[in-house]
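# Coordinate analysis (summary)
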Amino acid sequence: MSLAAGPGRGGGGGAQGQLPDEMKVVVEKHVAYIQSLDTRREELEYHLTEHLRISGIYWGLTALHLLGHPDALPRDGVLDFLFSCLHADGGFGAAPGHDPHMLYTVSSVQILAMVDGFDELEKRMKDGKLKVAKYIAGLQQPNGTFAGDEWGETDTRFLYCALNALSLLGFLPSQQADQPPLIDVPAATAYVKACQNFDGGFGTEPGAESHSGQVFTCCGALSITGELDSYLGEEGKDRLGAWLSERQLPSGGLNGRPEKLVDVCYSWWVMSSMAMIGRLHWIDKAKLTAFILQCQDPEEGGFADRPGDMVDVFHTVFGLAGLSLLGHPGLVEVDPA
Amino acid sequence: MQDQWSEVDKNQHGIPRVSGGTADKSEQARVKEQKQIEQYQRLEADVILRIKSKDYSNDTFQATSQLLSQNPEYYTIWNHRRRLLQDVFAKERDRKEDADAADTEAAEREGLTSPQREISLLVKEDLHFLVPLLRQYPKCYWIWNHRSWLLGTATRLLPSHTATELWQGELGLVSKMLSLDSRNFHGWGYRREVVKEIERMSTSSMVEKEFSYTTKMVQSNLSNFSAWHYRSQLIPHLLAERQADCDARKNFLDGEFELITKALYTDPYDQSLWFYHHYLMSTLDPTNSQAPAILDPCTDAERSYYYEQELENVRDMLDGAEDCKYIYQSLLELSQQLRQLDAGNQAVIKGELTAWLSQLLKIDSLRQGRWRDLELKLKL
Ligand SMILES: [Zn+2]
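Residues numbered from 1 in each chain as written. Chains lettered and ligands numbered in written order. Predicted model: local features only at pLDDT ≥ 70, side-chain atom pairs only at ≥ 80, totals over all residues. Heavy atoms only, no water.

What counts here: UniProt positions are given in the numbering used here, feature names are shortened, and annotations may be inferred rather than shown by experiment.
Looking at an unreviewed UniProt entry, one finds chain B named Geranylgeranyl transferase type-2 subunit alpha and attributed to Meristemomyces frigidus. UniProt lists a comment for chain B under the heading Catalytic activity (unreviewed entry), and it reads "geranylgeranyl diphosphate + L-cysteinyl-[protein] = S-geranylgeranyl-L-cysteinyl-[protein] + diphosphate".

The name given to chain A in an unreviewed UniProt entry is Geranylgeranyl transferase type-2 subunit beta, with the source organism recorded as Oleoguttula mirabilis. The record held by UniProt for chain A lists under Sequence similarities (unreviewed entry) the comment "Belongs to the protein prenyltransferase subunit beta family." In the Subunit (unreviewed entry) part of its UniProt record, chain A is described as follows: "Heterodimer of an alpha and a beta subunit."

Shown next as structure tokens:
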């Protein structure tokens, strides 16, 4: 996910003036909620989720950008923390002292891209960008897919993460045409294609059932390599679009797989995939908007997975990104891939 | 159970919101939470200190067990646990066959050297440790990963008869996990891995057995989406292995259609059943490269035959289920296929297509945009 540049809808709550209360995004409260996240050290949950810290910062920061308050977390503090998670091999852990892993390396690269921090990386580590790129590239497996870390778990999530981060770093083979390629792109895309099912969706590995999260990562991967349109074709887009559109349930919310409960985070995985294949008009946007807004905590800020549940930063960013993709007023525009 | 796809999307589900949040916590609750935090941090600091000083002792191992039981998402601690085990295994392997005659004898009985026996006992102990954790956190990626690492390591370090036995045990475990939650995709992924390993080590196929497993699963609960999916994945291998000829393939397809149509008559609102019906239809569609053909070869005449047969069956399902959107979707899909194959076919008339589509627009209004696009595509 990245923020679309250029004019369009600006941040701030001003644009929502005409909306009834239940349709308003409580911008200031979300900002305050995100700012409060790092001060909750008297809660056990804060300590039990340290293994997610750097991703948490990425989600918080993205949410703040969507809300039009990109500076609400201090840039220096974010960068200091981020570099305290960097290992000599170019990988990032989730927090200081945590082992490097693809997921946190990608979150870190995304943060650096968002706060324009690649120069700082070069300052802190000689050839830092190249080192990070090499850490990621080193996780590619002979069959084209990527492992999460040295222990070898593979998943199409990691494959998308790798392509996404390398593209932000400018180290995709297509971006470095005069250099020997760091990764085998054809092998990676062949693997993605092998994860597709007859219903048009994609799974976590060949043979696994279709899942919206995996649809997002596989479409995202093919979109980065520029093959999504030609690979799917109109028939393929219809098939996948049909599967994705069935994710909407009468409540307006979206689920991740058939016969599962709706959840705000799927608003993003499903909708951005539909946007990538030009089928976003196949669901009821007004109903989805209303559902996402029902998951908002209007008192304390933040979004939950479902109406009435506890909020968290993960569902907050995906709720906001969903609303942004739906063109809700008051939010900065987001790029689906 | 809900679907929890990413590492984070699990602790956060379904917890009711309390208004006022933390501000409302009683003093007593606050003190209790502080104590829990202190205890957790002490344990964490202890583990990290031990690992830093390369103290790969049994006490350290037990301390990681304690910490991981409290927080199985702490992936770095799983990594430390594996480093510790690697160290212990390496020492075992370097160890001279020791003098303890009883140990050596016990190992020999199992066809192992005594270091191998020691390693196999440690692996088994760790597999055992994971079972209650898996029960409590069935969607935690790291627990499944650790299990898979243990098995992989055993396969590398132990003779194949011992490793095979361990993998066989996993089949039992994963069946149990899937009977508790038949949609757990970690479980299904693990099952594929286990089956692949057993097949590799025994150089014999498990396709027939696994196919029977899916039959059993769907017989006990027709609405078993993941089992239908697994079944669809096994079919091409099953037919290849049976060296099924033209007739055998046709009989097979007829049998599957009969099974699913019967189920659909009972419950046309069940998505899992439509999923499998859709799968069978797509094996007849040469443009769907993700659905290998069941009939081989498959002539246009055979395609038409099945499309017409299913049109008739699905039409009958409408009786008493006029508000079931899946029926209209299937009818439209079948008609489209049939018309593509044979433009002049009279099995469906244009008026029917229009009627089905207007039903969908009415009862499936969430997807109006999709049905409008279909209307244009069908040139109605
Ligand atoms: Zn969620």
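### Here's the deal with the interface of chain B and chain A
Let me state the cut-off plainly: By definition in these notes, contact holds between two residues if any of their heavy atoms fall within 4.5 Å. Note on definitions: buried area is the accessible-area loss of two parts on being combined, 1.4 Å probe, summed for both. Any carboxyl oxygen of Asp or Glu that lies within 4 Å of a side-chain nitrogen of Lys or Arg is treated as forming a salt bridge with it. Polar contacts here mean pairs of N or O atoms no more than 3.5 Å apart (in protein, one a potential hydrogen donor and the other a potential acceptor; neighbouring residues in sequence count only if both atoms are side-chain atoms). Helix and strand assignments follow DSSP, with helices taken as H or I runs no shorter than four residues and strands as E runs no shorter than two, numbered in order from the N terminus. Here the nonpolar group is Ala, Val, Leu, Ile, Met, Phe, Trp, Tyr, Cys and Pro; Asp, Glu, Lys and Arg are the charged ones; every other residue, Gly included, is treated as polar.
With 72 residues of chain B in contact, the opposing surface of chain A contributes 80 residues. Of the roughly 6,400 Å² buried between chain B and chain A on both sides combined, carbon and sulfur atoms contribute 49%. Taken together, the connections running from chain B to chain A amount to ten salt bridges. There are 34 residue pairs in polar contact (both at pLDDT 80 or more) connecting chain B and chain A. Those elements that place two or more of their residues in the side of chain B that touches chain A are α1 (27–52), α3 (75–94), α6 (141–157), α8 (185–202), α10 (225–241), α12 (271–282), α14 (325–341) and α16 (368–377) of chain B. Here the side of chain B that touches chain A gets seven residues from one element, more than from any other, and that element is α1 of chain B. Across the side of chain B that touches chain A, the residue classes break down as 20 nonpolar, 32 polar and 20 charged.

### What about the packing of helix α10 (residues 212–224) of chain A against helix α11 (residues 228–245) of chain A?
Residues and elements named next belong to chain A. Using the following cut-off: Angles run from 0 to 180 degrees between N-to-C directions of axes, and those axes are lines fitted to C-alpha atoms, restricted for helices to the stretch in contact. Throughout this description, any angle smaller than 35 degrees is read as roughly parallel, any larger than 145 degrees as roughly antiparallel, any in the 65 to 115 degree range as roughly perpendicular, and the remainder as oblique. Put simply, a crossing is left-handed when the front helix is turned counterclockwise from the back one by less than a right angle, and right-handed when it is turned clockwise.
The contact between α10 and α11 brings their axes to 12 Å, and the two run at 160°. Here α11 runs roughly antiparallel to α10, going by the angle between their axes. Note on packing geometry: the crossing formed by α10 with α11 is left-handed. Judged by residue contacts, S212, V215, C219, L222 and S223 of α10 engage L228, Y231, L240, W243 and L244 from α11. Across the contact of α10 with α11, the residue classes break down as eight nonpolar, two polar and no charged.

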